[in-house]
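Listed below are the residues making up each chain.
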Amino acid sequence: MTRTVSVAALQTAYGADMAANIAKTEALVREAAAKGAQIILPSELFQGEYFCVSQEERWFATAFAWRSHPCVLAMQKLAAELNVVIPTSIYEKEGPHYFNSMVMIDAGGELLGVYRKSHIPDGPGYQEKYYFRPGDTGFKVWDTQFARVGVGICWDQWYPEAARAMALLGAEILFYPTAIGSEPHDAELDTAAPWQRVMQGHAVANVIPVVASNRIGTESLISPQNGCGQTFYGHSFIANHRGDKVAEYGKGEEGVLVADFDLDYLNTHRAAWGFFRDRRTDLYGALAGPRPAL
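What comes next is a walk through the structure.

Conventions we followed
- Residues numbered from 1 in each chain as written.
- Predicted model: local features only at pLDDT ≥ 70, side-chain atom pairs only at ≥ 80, totals over all residues.
- Heavy atoms only, no water.
- Buried < 20%, exposed > 50% of the residue type's maximum accessible area, 1.4 Å probe, protein only.
- Helix = DSSP H or I, 4+ residues; strand = E, 2+ residues; numbered from the N terminus.
- Arc of directions from axis to C-beta.
- Contact = heavy atoms within 4.5 Å.
- Polar contact = N/O pair within 3.5 Å; in protein donor to acceptor, adjacent residues only side chain to side chain.
- Phe/Tyr/Trp six-rings, centres within 6.5 Å; stacked < 30°, edge-to-face > 60°.
- Lys NZ or Arg CZ within 6 Å of the ring centre and 35° of its normal.
- Core = buried A, V, L, I, M, F, W, Y, C linked by side-chain atoms within 4.5 Å.

**A closer look at helix α5 (residues 263–273)**
Because an α-helix packs 3.6 residues into every turn, residues spaced three or four apart end up facing the same way. Where α5 is concerned, the buried positions are Leu263, Leu266 and Arg270. Taken end-on, α5 shows its buried residues confined to a sector of 55°, consistent with a single buried face. Opposite the packed face of α5, turned more than 90 degrees from it, sit the exposed residues Thr268, Ala271 and Ala272. On its buried face, α5 sits against β1 (4–11), β10 (173–177), α4 (192–206) and β16 (255–262). One side-chain oxygen at the N-terminal end of α5 lies 3.1 Å from the backbone nitrogen of Asp264; it belongs to Asp262. Positive backbone phi, approximately 80°, marks Gly274, located one or two places after α5.

Have a look at this one:
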């Protein structure tokens, strides 16, 4: 019997009210499930506005333990009701530590565990190092009821080694929840196309579909660099194993993107390309060159 899976990316704007954001996400998850989606990806930190535009102590109070985070509890209930998988991005507090994390909620509502964002950016409008420790979980893949999946979070998406690590662990699809948009230090800089292309490259190099969800809209939180709210550029998309975009939104559209994939075909096609067979890890150190003298 052929193994197929239907995946979805959500794209919408979020505000300051967590309950309203959860309700909006629930409505989109229901819409995606009604269209047949089995693994449904909301965007990064949908609990509220993207607060990392500046450094303010008050935001530490919005982090929760991952098992009891309000977004996790809501999505867990929804996953059980709809029998869908929901990778859920949260602001996590563990003891004195804070992480940008993703909780994998399986169909039926089981919490499979947590992944903590490995790469933490720090720049104008994206001052995440103030709020998050680098993740300590390593890259992970998850045996959900519908597919074996890997999830990177936003800044992770720029690193091909992260995608390769998840593929080597057996991921059949890669998911990237994201919050990215304007660059306060340069109003002319638009990274939407490179943002898509780097993940399309992951799809090609690993012969694997990629699903990316981004938010949209201008948010009210003020960035000191530009004196106005951050604007997020959307462009959520789903790419197939060739890197072709099979579903895509623009910068202002709101809704759900859905695509279907034949996992048996992809597993055979991945083996036929030989990318994993022909890897030469014995040469990587030599290719890096000799270490400089200290």
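**A few points about the packing of aromatic side chains**
Two measures describe an aromatic ring pair: the distance that separates the ring centres and the angle between the ring planes. Taken as a whole and assessed by the stated rule, the structure comprises 20 aromatic pairs. Each ring, one from Tyr50 and one from Tyr126, has its centre 5.7 Å from the other, and the planes form 50°; the classification is tilted. Here Tyr126 lies in strand β7 (residues 126–127) and Tyr50 lies in the loop between β2 (39–41) and α2 (70–82), a separation of 76 residues in the sequence. Here a set of aromatic residues connected by ring pairs shows up, and it is made of Phe51, Trp59, Phe60, Tyr91, Tyr98, Tyr130, Tyr131 and Phe132. Against the face of Phe99 rests Arg116, its NZ or CZ located 4.3 Å from the ring centre. For Arg215, the ring lying beneath its charged end belongs to Phe232, and the centroid distance is 5.5 Å.

**Some remarks on the nonpolar core**
In terms of nonpolar packing, the biggest core is built from 33 residues, with Tyr50, Phe51, Tyr91, Phe132 and Leu174 touching the most fellow members. Only α3 (160–168), β10, α4, β11 (210–213), β13 (229–233) and β14 (237–239) provide two or more residues apiece to this core. At four residues, the largest contribution of residues to this core is made by α4. Ignoring anything within four residues of it in the chain, the contact list for Tyr50 reads Leu45, Gly125, Tyr126, Glu128, Ala179, Arg215, Glu219, Leu221 and Phe232. Counting 28 residues, the second-largest nonpolar core is a separate cluster that includes Met104, Val151, Ala247 and Phe261.

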